[in-house]
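Take a look at the letters that make up each chain.
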Amino acid sequence: MINLSKRSFIAAALALATALPAGLAAAETRLNVVATTGMIADAARNVGGDLVEVRALMGAGVDPHAYRQTRTDIVATTNADLVLWNGLYLEAQMEGFLLDLAQDHHVVPVAEVLPENLLIGSEDYEGQFDPHVWMNPNLWSRVVLNIRNAMIDAEPEGEAVFRANAEAYLEELNGLASYTANVLSSVPAESRILLTSHDAFNYFGNAYGFEVVGIQGISTESEAGLQRIAELVNLLIERDIRAVFVETTVSDRNIRALAEGARAAGHDVVIGGELYSDAMGEPGTYEGTYIGMIDSNATTIAAALGGQTPAQGMQGLLN
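Residue positions are counted from 1 within each chain, in the order its sequence is given. In keeping with the model being predicted, local features are shown solely for residues with a pLDDT of at least 70 and side-chain atom pairs are shown and tallied solely at 80 or more, while totals for entire chains, interfaces and linings include all residues. The side-chain numbers reported here are obtained from all heavy atoms of the structure, hydrogens and water having been left aside.

A. Inspection of the pairing of strand 1 (residues 31-35) at higher detail. Partly exposed residues are those whose accessible area sits between 20% and 50% of the maximum for their type, while under 20% is buried and over 50% is exposed, using a 1.4 Å probe and protein chains only. Helix and strand definitions follow DSSP, with helices as H or I runs of at least four residues and strands as E runs of at least two, each counted in order from the N terminus. For strand 1, the tally of buried residues reaches five of five residues, placing the bulk of the element in the interior. Of the two faces of strand 1, the one holding Leu 31, Val 33 and Ala 35 and the one holding Asn 32 and Val 34 are both buried throughout. DSSP bridges decide pairing: two strands pair if at least two such bridges lie between them. Relative to strand 2 (residues 52-56), strand 1 runs parallel, the two being bridged by five bridges. Bridging from a neighbouring strand, Val 34 pairs with Arg 55 of strand 2. In terms of strand pairing, strand 1 meets strand 3 (residues 82-85) through three bridges, oriented parallel. Note that in strand 3 the partner of Val 34 across the bridge is Val 83.

B. Main features of the sheet that holds strand 2. The strand order across the open sheet formed by four strands is 2-1-3-4, and the pairing between neighbours is parallel. The two strands at the open ends of the sheet, each matched to only one other strand, are strand 2 and strand 4 (107-109). Strand-to-strand twist of the sheet, defined as the mean angle between neighbouring strand axes without regard to direction, takes the value 20°. Looking at chain direction, strand 3 and strand 4 are connected through three bridges and run parallel. What counts as an axis is a line fitted to C-alpha atoms, over the stretch in contact for a helix, and the angles between N-to-C directions run from 0 to 180 degrees.

C. Representation of the nonpolar core in the model. Counting 65 residues, the largest nonpolar core has Leu 84, Val 133, Trp 140, Met 151 and Tyr 290 as the members making the most contacts within it. Whether two residues touch is decided by their heavy atoms; if any such pair falls within 4.5 Å, the residues are in contact. Contact partners of Tyr 290, with chain neighbours within four places excluded, come to Met 39, Asp 42, Trp 134, Asn 136, Pro 137, Trp 140, Tyr 169, Leu 173, Leu 176 and Met 280. Put simply, a nonpolar core is a bunch of buried Ala, Val, Leu, Ile, Met, Phe, Trp, Tyr and Cys residues held in one set by side-chain atoms that sit within 4.5 Å of each other.

D. View of the side chain of Thr 77. Here Thr 77 lies in helix 3 (residues 71-79). Side-chain atoms alone can form a polar contact between residues adjacent in sequence; in general such a contact is a pair of N or O atoms within 3.5 Å, and within protein one must be able to donate a hydrogen while the other accepts it. Among the polar contacts listed, one links the side chain of Thr 77 to the backbone oxygen of Ile 74, at a separation of 3.1 Å. Not counting chain neighbours up to four residues away, the residues in contact with Thr 77 comprise Val 34, Leu 57, Val 83, Phe 97, Leu 101 and His 105.

E. Seen up close, the pattern of salt bridges. Any Lys or Arg side-chain nitrogen located within 4 Å of an Asp or Glu carboxyl oxygen qualifies as a salt bridge. Inspection of the entire model under this criterion finds six salt bridges. One salt bridge connects Glu 211 with Arg 239, and the closest N-O pair in it is separated by 2.8 Å. With Glu 211 in strand 6 (residues 211-216) and Arg 239 in helix 8 (residues 226-239), the pair connects residues that are 28 residues apart, well separated along the chain. Glu 211 gets classed as partly exposed once you look at its relative accessible area, which sits at 35%. Taking the shortest distance from any N to any O, the salt bridge between Arg 256 and Asp 252 comes out at 2.8 Å. With a relative accessible area of 39%, Arg 256 lands in the partly exposed category.

F. Spotlight on the packing of aromatic side chains. For Phe, Tyr and Trp, rings pair up if their centres lie within 6.5 Å, where Trp contributes its six-membered ring, and each pair is then called stacked (planes under 30 degrees apart), edge-to-face (over 60) or tilted (otherwise). Enumeration over the complete set of coordinates arrives at five aromatic pairs. Seen in terms of ring centroids, Trp 134 and Trp 140 are 6.4 Å apart; in terms of plane orientation they differ by 85°. Their pairing is edge-to-face. Summarising the burial analysis for this pair, Trp 134 and Trp 140 share the class buried. One aromatic cluster is present, built from ring pairs that chain together Phe 201, Phe 204, Tyr 208 and Phe 210.

G. Structural context of the pairing of strand 8 (residues 270-275). With five bridges connecting them, strand 7 (residues 243-247) and strand 8 associate as parallel partners. Across the sheet, residue Val 246 finds its bridge partner in strand 8, namely Glu 274. As a crossover connection, the stretch from strand 7 through helix 9 (residues 253-264) into strand 8 is right-handed. The handedness rule is simple: strands pointing away from the viewer, and a clockwise path from the first strand over the helix to the second, make the crossover right-handed.

H. Region of the structure containing the packing of helix 2 (residues 38-48) against helix 5 (residues 137-154). Relative to each other, helix 2 and helix 5 sit at 60°, their axes nearing to 10 Å. For the element pair helix 2 / helix 5, the angle class is oblique. Here the hand of the crossing between helix 2 and helix 5 comes out right-handed. Together, Met 39, Ile 40, Ala 43, Ala 44, Val 47 and Gly 48 of helix 2 and Trp 140, Val 144, Ile 147, Arg 148 and Met 151 of helix 5 make up the contact between the two elements. Each angle receives one of four descriptions, namely roughly parallel if under 35 degrees, roughly antiparallel if over 145, roughly perpendicular if within 65 to 115, and oblique otherwise. Each helix crossing is assigned a hand: it is left-handed if the near helix lies turned anticlockwise from the far helix by less than a right angle, otherwise right-handed if that turn is clockwise.

I. A look at the confidence of the model for the chain. pLDDT gives the predictor's per-residue confidence on a scale running from 0 to 100. Scored by pLDDT, the chain comes out at a mean of 91, with 88% of its residues at no less than 70. Note on residues 1-9: pLDDT is under 50 here. Beyond four places in sequence and across chains, it has eleven contacts. Scored below 50 in pLDDT, residues 14-27 shows twelve contacts in the model against residues more than four places distant or in partner chains.

J. Summary view of the environment of Asp 278. By secondary structure assignment, the location of Asp 278 is in the loop between strand 8 and helix 10 (290-304). Between the alpha carbons of Asp 278 and Ala 60 there is a distance of 9.0 Å; along the sequence they are 218 residues apart. Here His 132 takes part through its side chain, which lies 3.1 Å from a polar atom of the side chain of Asp 278. Side-chain polar atoms of Asp 278 contact the side chain of His 198, separated by 3.2 Å.

Rendered as structure tokens:
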């Protein structure tokens, strides 16, 4: 849990929050929702529609494993009617704060209530699970239902709207799941090896039959040593892997060192593209939505590994 100095800071910020004018919160007629990640916020907007005002604490390119709450975040979450976070130790540096906040606020870890048989164990943390559940659209659909239920609990009068919106959004996610399955099945079986900066794609691998290799572990807090790089250079050569991928929320240093090491050993490998792992794209863009994020990942991976893909993705909206 957090230490005394952090508690003192949080207590002062909470006192400030209670003194803020009501006008600084969301509109009185809307449910004021704060979400930690963009993926959760996007789902909340789709489910809540006009009945909610949603704010995401973490934007494009932000690593949730290392993110710590700011004073502004503390004020926003304290004033919120509902706080949604992933859980499963994704927001590792915020967990103590969020658990404390849950003692007298409506705070819901939307992925932690998934059945354990659907979760992947963590090699980094004993007794923990891989938190990157959004990488499988079918599994993410279950999280959307948890978000819907949390909104109904917070605002029962909106139940009919929340249920209708959730049903419509789940239909869109079904279409996304079908597209990703089809486009990724076009990758030759021997080429279905996804090598990225960290282990964010295990649920993706399970869903689509890809072997997933991360230079770092599930958390970006781990470091990759020279021995690990050397092992992966050998893997690239032995398995004839021709493309590796960088991530928007993780430094590309290790991936580029890996590619350079392979080339120095006479093996031609390219950077297959940039993937969205722990955060979506820029707000206001197609890639800044959950559907656009997964569409971009599936299209980029399939194209780089020899599959057949539409030039601009599922809806022709990719940049």
